[in-house]
Amino acid sequence: MSDDASPAIDDPVIVFDTTLRDGEQSPGCSMTQPEKLQIAEALVDLGVDVIEAGFPIASPGDFQAVREIANSFGDRTTIAGLARCRAEDVDRAAEALEGAAHKRLHVFLATSAIHREHKLKMGKEQIVERAVEMVRRAKGFVDDVEFSPEDAVRTELDFLTEVVTAAIDAGATTVNIPDTVGYATPHHYHRVITHLKENVPNIDRAVISVHCHDDLGMAVANSLAGVEAGARQIECTVNGIGERAGNAALEEVVMALRTRRDYYGTETHVNTRKLFPTSQLLQTITGVKVQRNKAIVGRNAFAHEAGIHQHGVLQSRETYEIMRSEDVGYVGTNLVLGKHSGRHAFRDRVGQLGYELDEETFQQVFEDFIDLADKKKEVYDSDIVALIENRTGTTKDYWTLEHCQAMAGPGMVPTATVQLVDENGVHHRDAATGGGPVEAVLHAMERVMGFGAKLEDLQIRSVSKGKDALGEVSVEVNVDGRTFTGKGVSVDIIEGSARAYLKALNKAIAARPVATA
Ligand code: KIV
Ligand code: ZN
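This structure is a prediction, so every number in the text was calculated from the model and none was measured.

Thresholds applied
Residues numbered from 1 in each chain as written. Chains lettered and ligands numbered in written order. Predicted model: local features only at pLDDT ≥ 70, side-chain atom pairs only at ≥ 80, totals over all residues. Heavy atoms only, no water. Donors = N, O, S within 2.8 Å, 3.2 Å for Na, K, Ca; no water. Helix = DSSP H or I, 4+ residues; strand = E, 2+ residues; numbered from the N terminus. Buried < 20%, exposed > 50% of the residue type's maximum accessible area, 1.4 Å probe, protein only. Domains from an automatic or database assignment. Buried area = accessible area lost by both parts, 1.4 Å probe. Salt bridge = Lys/Arg side-chain N within 4 Å of Asp/Glu carboxyl O. Polar contact = N/O pair within 3.5 Å; in protein donor to acceptor, adjacent residues only side chain to side chain. Near = heavy atom within 4 Å. Areas by Shrake-Rupley, 256 points an atom, 1.4 Å probe, with all protein chains shown as cover. Nonpolar A, V, L, I, M, F, W, Y, C, P; charged D, E, K, R; others polar. Pairing = 2+ DSSP bridges. Right-handed = clockwise from strand over helix to strand, strands pointing away.

Glancing now at the coordination of the zinc ion (ligand 2). Here the zinc ion (ligand 2) is held by the protein donor atoms D22 (OD), H211 (NE2) and H213 (NE2), which lie 2.0 to 2.1 Å from it. Spacing between the donor residues of the zinc ion (ligand 2) along their common chain follows D-x188-H-x1-H. A residue pair is termed long-range when its members are at least 10 positions apart, and D22 in helix α1 (residues 19–23) and H211 in strand β7 (residues 207–212) qualify at 189 residues. Note on D22: relative accessible area 3%, which makes it buried.

On to the domain arrangement of the chain. The domain boundaries assigned to the chain delineate domain 1 (14–286), domain 2 (331–391) and domain 3 (399–510). Just the C-alpha atoms count here: the centres of domain 2 and domain 3 sit 23 Å apart. In this assembly, domain 2 packs against domain 3 so that about 990 Å² is buried in total across both faces, 58% of it on carbon and sulfur atoms. At the junction of domain 2 with domain 3, the criterion picks out zero salt bridges. Counting the contacts that link domain 2 with domain 3 gives zero residue pairs in polar contact (both at pLDDT 80 or more).

Right, let's get into the site of ligand 1. Around ligand 1, the neighbouring residues are R21, D22, H106, F108, S148, E150, N176, P178, T180, H211 and H213. A distance of 3.1 Å separates an oxygen atom of ligand 1 from a polar atom in the side chain of D22. T180 is positioned such that a nitrogen or oxygen atom in its side chain is 2.6 Å from an oxygen atom of ligand 1. Coverage of ligand 1 by the protein chains reaches 95% of its 260 Å² of free accessible surface. Secondary structure elements with two or more residues in the shell around ligand 1: α1, β4 (103–110), β5 (145–150) and β6 (174–179). Tallied by class, the residues present in the shell around ligand 1 amount to two nonpolar, six polar and three charged.

A word on the pairing of strand β3 (residues 78–84). In the case of a regular strand, side chains alternate between the two sheet surfaces. By the criterion of burial, β3 is predominantly enclosed, with six of the seven residues buried. Pairing analysis gives four bridges linking strand β2 (residues 50–54) to β3, with the strands arranged parallel. Bridging from a neighbouring strand, E52 pairs with A80 of β3. Regarding topology, helix α3 (residues 60–73) serves as the crossover connection from β2 to the parallel β3, and that connection is right-handed. Handedness of the β3-helix α4 (residues 87–97)-β4 crossover: right-handed.

Written out as structure tokens, the structure is:
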């Protein structure tokens, strides 16, 4: 088991986070620009070495997001922008990265026979030529150039060797070996990386990177096999989000390397205590939850239910625990505070949970805490995290909920009254009916706001334990074909639903300010 006094890391593994590019492009995970900036800031605090901020040619929004992240964080970590092997892609990515002190151009071109024949309709020679030309072009803008032969795992090994050699000769300083379709197994992937190490004559001039998808559930295992074979960069995403089944999960590769440093002989520079808060933040922003038993960041990851395990852990933690929950910043359901705890104790606790709040937000969260402590005897860490996240969204509140009340019961028509405040501080009240109390509240809100959304999903979970627990409601709505998510917390799940719905609608307004704001 590792502890805080770990010796300095020789030959560390570079963590290349692609949550904002490969992760963000997967369905349900799209983020607004302020949300991307919030994630980028969390990734900087987490200590990742490279943030792939997006694919600038894909859309003006992607370009703008990469540019803002480069301008805001490019002095603290390396910011990468993705480009196909096309001149206009490379130029656009270089333009987006201009403001970063540390920047990387990541160019990719498929190399497997399937992609050559069916997608690109290019021969091997043309592929090598194009790759060399675009690596050189990228090199004209930056020193730090990464080349990825897409679908490398299904590429003939001799051709892969040839392309990688040519890309390094042209100036690539990182060569990434993607398992684009999640086809590899650990042994197979180890062989591919070993082959490149042994047969690419100039391999000592570049870092070998691994990029694995999880279609067969082996992305993390394959990435680690790559490291064992000599790769020194892992491309991964928070919570493993990404195309189809996702990418290798950052928290898993980081903790595997840390926990088994004895075996791998290397580690990363990630501050592991930020893993859990970063995972939570991403879940809050995207509304995409990890499963309870997800390694490292799932709610059950550190829970011991079986009596024999509990007994063992009480005698000595190491009997059944290979990691300490505090090392990943896990927020359990520790009883922490009551309503007499006071502002000072509350501020300390917020800090220990890894949050830095400005004075205004702190005051709002503190007032929410006092309200909650009035309704519920025991307030847990997880309640505090929910209150903080409820107040720290990046979307402007065009409308806020002041009050809502619903009546329902056998033989009654469910009826609700709501009072909302618009962005100019004007109060609006209306009432409506519905098939149930939640529907009645949402209808009443729609009457006030003059527009509504199709509700695609609504989920309720309890944030901590007890019948008086804070309920967290997550909704996914569709407005004009676009998906928006929102989360609301309250001890009253009707009010929590109203808050979640309002958050999603505020995001929808932010996305089309001219039409509705
Ligand atoms: O999976 C993949 O091949 C990619 C490349 C663009 C690196 O995401
Ligand atoms: Zn990928």
